[in-house]
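Here is how the chains run, residue by residue.
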Amino acid sequence: MKRLFLFISCSFSMLLTTLGQHTTILISLDGCRADYPEWYDTPTFDFMAENGMSAGLIPSFPSKTFPNHYTLATGLYPDHHGIVANSFLDVATGEVFSLGNAEQKFNPKYYGGEPIWITAKRQGLRTAVFYWPGSDVAILGQHPDTYYNYDAKPRLSLEQRINGIIAQLAKPTEERPQLIMAYLEEPDSKGHRHGPQGKETRRAVMRVDSLIGHLYTTLCRHNLQKTTNLVVVSDHGMAWVDSTHAIRIAHLLKPEWVRDVVGEIPACVYANPGCTDSIYNALRDIDHAKVWRKNEVPAYLHYGTSSRIGDVIVLPDIGYIVYEKPIEAGGTHGYDPNLQEMHALFRAIGPDIPHTTLPDFPNVCVYNFVCKLLGIEPAPNDGYDINIH
């Protein structure tokens, strides 16, 4: 490790006079609530807020990891890019898309839109991506110039990913990427296990803040903060669920009505032909949840046109979960994106980023924001421009 840092430091010294186009680094911290910096000691996030852009991100529905990371990458709502949940039924084939099924996860047919790494490559930029969901799939027949298979073991540690970003910046001019992206699993995993206010979650938040701080300090040490835009985002927030808050629906449904039930926040019920109304009527009055036919999902959720979405959607109230088995108390997400508990972190700092505090804005806008920083033309998307000048 000392040898690696020596190489990087030497490379930085040689490159200082050759840096040209500004590099943009986009890092996602899974499950980092917008208000964690108000609760915990986060000097890096605080510094970025004081010297750059600060806001909360409103996730897309459902406020789950895979759909929202692909939304951040494409600027499209899950209903439009096709990754409508972490798991869903492909009604055309009868197959269930699942992150645990490599055959489905790596099948490009599920991934619509144009992710930012392809937008950048198409316009002549170099790209390096550390584990961003979807980056290891041959979407539109392409990968980033540098990428990593998330399922390959051993997986890079969080520290190795940050050091990998630094190593990318140390490459010769003709090899150095203009777009670097990285995904970090924390503080989501600790938030699930211990809840958003658990001491282990606090430590995880402070750890990722420290890692971002190490990256930014390294940029400053080599005067690279003047040529590098650093954007830190998250996919969703986190809420507490008590062990008594399971919502059970199986006993209300006749087997002949139901093709499949996938998910828990929300639960998507796929109906056999002619059975949608029977399912809806059986579930419409359950406690602690909202129940909609697919075509009646409220417009603000931007959900209900994809064929991959269930015929009846059951969305639990915050703090509840659709689950047939006993549950352990802990944290979870997937709820209505407008709930403050689901809002995610946004920080940005760099030569092209003004000092401003923004109201919370939809995460479909991040794609356009990064395209603007890179000076490239975005593909069609659902976002709008965030003014950075």
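Look up a bit, the structure's there.
Sequence order as written defines residue numbering, which begins from 1 separately in each chain. Restriction of local features to residues with pLDDT of at least 70 applies here, the model being predicted, together with a cutoff of 80 or more for giving and counting side-chain atom pairs; totals for whole chains, interfaces and linings are based on all residues. Water and hydrogen atoms play no part in the side-chain values, which are based on all heavy atoms of the structure.

Section: the layout of surface pockets
Rolling a probe over the atoms, with the probe sized like a water molecule, indicates the empty space that remains.
Thought 1: In this structure, the largest pocket encloses a volume near 790 Å³.
Thought 2: Site definitions follow a grid-based scheme: protein atoms alone, a 1 Å grid, a 1.4 Å probe that fits but cannot get out for cavities, and for pockets an open set with protein on both sides within 12 Å along at least five of seven lines, plus lining residues having an atom within 4 Å of a point. Lining the largest pocket are 41 residues, and of these Lys 64, Asn 86, His 192, Glu 264 and His 333 sit closest to its centre. Grid points are joined across faces, edges and corners, and a volume is the space filled by probe spheres set on the points.

Some remarks on the environment of Glu 256
Thought 1: Secondary structure elements are defined from DSSP: runs of H or I of at least 4 residues count as helices, runs of E of at least 2 residues count as strands, and each element is numbered from the N terminus. Relative to the helices and strands, Glu 256 is located in the loop between strand S9 (246–247) and strand S10 (258–262).
Thought 2: Partly exposed residues are those whose accessible area sits between 20% and 50% of the maximum for their type, while under 20% is buried and over 50% is exposed, using a 1.4 Å probe and protein chains only. The class of Glu 256 is exposed, set by a relative accessible area of 51%.
Thought 3: Residues Glu 256 and Gly 82 lie 174 residues apart in sequence; the distance between their C-alpha atoms is 28 Å.
Thought 4: Residues within four places of Glu 256 in sequence aside, it is in contact with Asn 272 and Cys 275. A contact between two residues is defined here by any heavy atoms of the two lying within 4.5 Å.

Re the packing of aromatic side chains
Thought 1: Two rings from Phe, Tyr or Trp (for Trp, the six-membered ring) form a pair when their centres are within 6.5 Å of each other. A pair whose planes differ by under 30 degrees is stacked, one over 60 is edge-to-face, and the rest are tilted. Evaluated as defined, the whole model comprises 18 aromatic pairs.
Thought 2: For the pair Trp 39 and Tyr 40, a centre-to-centre distance of 5.9 Å together with 85 degrees between the ring planes defines the contact as edge-to-face.
Thought 3: Residue classification places Trp 39 among the partly exposed residues on the basis of a relative accessible area of 33%.
Thought 4: On the basis of relative accessibility, which here comes to 10%, the residue Tyr 40 falls in the buried class.
Thought 5: Here Phe 346 and Phe 361 contribute two aromatic rings whose centre-to-centre distance is 5.2 Å and whose plane-to-plane angle is 75 degrees, an arrangement assigned as edge-to-face.

What about the sheet that holds strand S11 (residues 267–271)?
Thought 1: What the four strands build is an open sheet, ordered S10-S11-S13-S12; its pairing is antiparallel. The outermost strands of the open sheet, each flanked by one partner alone, are S10 and strand S12 (289–293). Strand-to-strand twist of the sheet, defined as the mean angle between neighbouring strand axes without regard to direction, takes the value 15 degrees.
Thought 2: Here, strands pair whenever DSSP counts at least two bridges between them. By the bridge criterion, four bridges tie S10 to S11 in an arrangement that is antiparallel. When the bridges of S11 are listed, Val 258 appears paired with Ala 271.
Thought 3: To obtain an axis, a line is fitted to C-alpha atoms, over the contacting stretch when the element is a helix, and the angle between two such axes runs from 0 to 180 degrees between their N-to-C directions. Packed onto the sheet, helix H11 (residues 276–283) meets S10, S11, S12 and strand S13 (312–316) and runs at close to 165 degrees relative to S12.

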